[in-house]
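Read off the chains here:
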Amino acid sequence: MSTLQNVRRFVVKIGTSTLTHEEGHLNLRRIEALVKILSDFKNAGKEIVLVSSGAVSAGVARLGTHRPTCTKEKQAMAAVGQSELMKIYSRFFSDYGHTVAQMLLTKDVIDNPVRRAAAEDTFETLLEMGCVPIVNENDCISTTELNFGGNDTLSAYVALVCHADLLINLSDVGGLYDSDPRKNPAARRIARVEKIDEDVLAMAGGAGTARGTGGMATKLEAARTVTEAGIPMFILNGEDPHVLYDLFDGKEIGTYFAAQKQ
Ligand code: GLU
């Protein structure tokens, strides 16, 4: 697709259900495949920001405990899991010659112009230095007032703050369908969305999986945020991260949300 030829800086969001096995442990094979491919894109001159979920799940798995039942448990488990996640990313990226940088954000960073400008400067500087910023919500201090409501939303703001050319949402569903593909095998994939209107929103259905927090509705909200700011977005199935090569090779996959202005 010709639109991608000019993409230099892009944000990839990967969700918990794509990063972890059924029982919550990190899916190292998939993470390593993703890291290798992102490293290759970097070698080809692209600038990449990775928005990664999985902190809470990785913390639960590491502690060998139950899913969090209250905010303070969730915060503590995220604190354990976030360092676990970064350790894995750092090891894999460094195997391919790249350096990662952790950026943990809360909603007030976006709302406060001074803090937002600081985040903008840090992203810019890290990308100039050739690093791969890896972003998550700062779950261990996040409360209802401070949180983004999930990483689909976070990834949209990150795309805005780092002035990305494209946002790619790697999900456990391969795009927007006219009905839920998990329930209806005849569901039809929508290849391209020009505008997110009421008809498109009606296709979204409910929430996501037991491990992840996002569903199609939050992805469409994220798409609306970025496309209105002039940044296109894709939803792709992240089960096999090689879809990123397919996308840049021009294959018609996933759902493309066209930017509303240039
Ligand atoms: N920040 C959460 C985590 O790392 C994930 C939020 C989401 O899945 O949207 O566990």
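The residue count restarts for each chain, going from 1 along the sequence in the order it is written. Predicted model: local features are reported for residues with pLDDT of at least 70 only, side-chain atom pairs are reported and counted for 80 or more only, and whole-chain, interface and lining totals are derived from all residues. The side-chain figures draw on all heavy atoms in the structure; neither hydrogens nor water molecules are used.

This part is about the overall build of the chain. By the criteria applied, helices consist of DSSP H or I runs no shorter than four residues and strands consist of E runs no shorter than two, each listed in order from the N terminus. Check the secondary structure of the chain and you find 10 helices and 8 strands. Every radius of gyration here is taken over C-alpha atoms, with the globule rule written as 2.2 Å times N^0.38, N being the number of residues. Computed over its C-alpha atoms, the radius of gyration of the chain comes to 17 Å, within 12% of the 18 Å expected for a compact globule of 262 residues. Along the three orthogonal principal directions, the C-alpha set of the chain runs to about 40 × 40 × 40 Å. Looking at the chain as a whole, 52% of its 262 residues are labelled buried. Any two residues having at least one pair of non-hydrogen atoms within 4.5 Å are treated as being in contact. Long-range pairs, those at least 24 residues apart, make up 72% of the contacts in the chain with a sequence separation of at least 6. Carbon and sulfur atoms make up 49% of the accessible area of the chain, which totals about 12,000 Å². Note on classification: 1.4 Å probe, protein chains only; a residue is buried when its accessible area is under 20% of the maximum for its type, exposed when over 50%, partly exposed between these limits. Areas reported here follow the Shrake-Rupley algorithm with a probe of radius 1.4 Å; residue values treat only the protein chains shown as occluding.

On to the state of the cysteines, then. The disulfide criterion is simple: two cysteine sulfur atoms within 2.5 Å. Throughout the structure, instances matching the rule amount to 0 disulfides. Counting only cysteine sulfurs, C70 is the nearest neighbor of C140, a cysteine outside any disulfide, at a range of 15 Å. A residue is classified by how much of its surface remains accessible, and C140, at 36% relative accessible area, is partly exposed. Free cysteine: C162, not disulfide-bonded; nearest cysteine sulfur from C131 at 14 Å. The exposure class of C162 is buried, given its relative accessible area of 1%.

It is worth spelling out the side chain of T16 at this point. Along the chain, T16 falls in helix 1 (residues 16-19). What makes T16 buried here is its relative accessible area of 12%.

Another aspect to go through is the environment of L19. Mapped onto the fold, L19 is located in helix 1. Spatially, the C-alpha atoms of L19 and A58 are 9.5 Å apart, while their sequence positions differ by 39 residues. Among residues more than four places away in sequence, those in contact with L19 are I14, H25, L26, N27, I31, S52, S53, G54 and Y89.

Quick look at the sheet that holds strand 2 (residues 47-52) now. Any two strands with at least two DSSP-identified bridges between them are counted as paired. Across the sheet, 8 strands lie side by side as 3-4-2-1-5-7-8-6; this open sheet has mixed pairing. Looking at strand neighbours, the two that pair on one side only are strand 3 (100-105) and strand 6 (192-193), the edges of this open sheet. Note: strand 5 (residues 166-171) against strand 7 (residues 233-237), 5 bridges, orientation parallel. When the bridges of strand 7 are listed, L170 appears paired with L236. To obtain an axis, a line is fitted to C-alpha atoms, over the contacting stretch when the element is a helix, and the angle between two such axes runs from 0 to 180 degrees between their N-to-C directions. The sheet contacts of helix 2 (residues 28-43) involve strand 1 (9-14), strand 2, strand 4 (132-137) and strand 5, and relative to strand 2 the element is tilted by about 155°. Packing against the sheet, helix 9 (residues 216-228) makes contact with strand 5, strand 7 and strand 8 (255-257), and its axis sits at approximately 150° to strand 7.

Purely spatial values, then, with no claim about function.
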